Amino acid sequence: LIGAVVDSQIEVNSNRNISNLWNSKTILFTANCKITVPATLLPQFGFVFRTLAGVTVTWAITAPFVWETTPLATPEKTTGSFMRIGSTNTILLDF
């Protein structure tokens with residue numbers, strides 16, 4: 001759309017469940033927090049993220065979802081991506 005404003009960045013500064021509103025957005029973590037994968041997510045869901053200086057993100061997951069590889073805490077000044085593989089229950093977290 002010509003002249004449309006696309007709100008593609010979401011700032012997160014507290015413990016949260018991942019929201020389906022985060023799909024295809026850029027998530028900016030601005031404070032230390034714990035991010036939890038909820039029991040439901042859209043198929044082919046994904047987002048990119050960035051942590052600011054001094055910010056660490058820890059991750060938790062809820063069944064039926066499983067990590068491809070169990071993530072460590074995401075340290076400050078890190079860029080990464082979160083992705084559900086299609087409609088499977090496998091979650092990729094790369095940084």
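Located above this text is the structure these notes cover.
Conventions and cut-offs
- Residues numbered from 1 in each chain as written.
- Predicted model: local features only at pLDDT ≥ 70, side-chain atom pairs only at ≥ 80, totals over all residues.
- Heavy atoms only, no water.
- Helix = DSSP H or I, 4+ residues; strand = E, 2+ residues; numbered from the N terminus.
- Pairing = 2+ DSSP bridges.

With that out of the way, let us pick up unusual backbone geometry. At the junction of alanine 63 and proline 64, the peptide bond is cis and its omega measures out at 15° in the coordinates. Position of proline 64 among the secondary structure elements: in the loop between strand 6 (57-61) and strand 7 (66-67). Unusually for a residue other than glycine, lysine 77 sits at a positive phi of about 55°. Topologically, lysine 77 is positioned in the loop between strand 7 and strand 8 (79-84).

Two modes of strand pairing occur in sheets, parallel and antiparallel, and in both the strands are linked by backbone hydrogen bonds. Spatially, the three strands line up as an open sheet ordered 2-4-6, and their pairing is parallel. Across the chains shown, the open sheet's two edge strands, defined by having one partner strand only, are strand 2 (16-17) and strand 6. Pairing analysis gives two bridges linking strand 2 to strand 4 (residues 33-37), with the strands arranged parallel. If you follow asparagine 17 over to strand 4, its bridge partner there is threonine 36.

Next up on the list: the pairing of strand 3 (residues 26-29). As paired strands, strand 1 (residues 9-12) and strand 3 are joined by four bridges and run parallel to one another. Bridge pairing in strand 3 links valine 12 to phenylalanine 29. For strand 3 and strand 5 (residues 46-51), the ladder comprises four bridges, and the chain directions are parallel. Bridge assignment links threonine 26 to a residue of strand 5, and that residue is valine 48.

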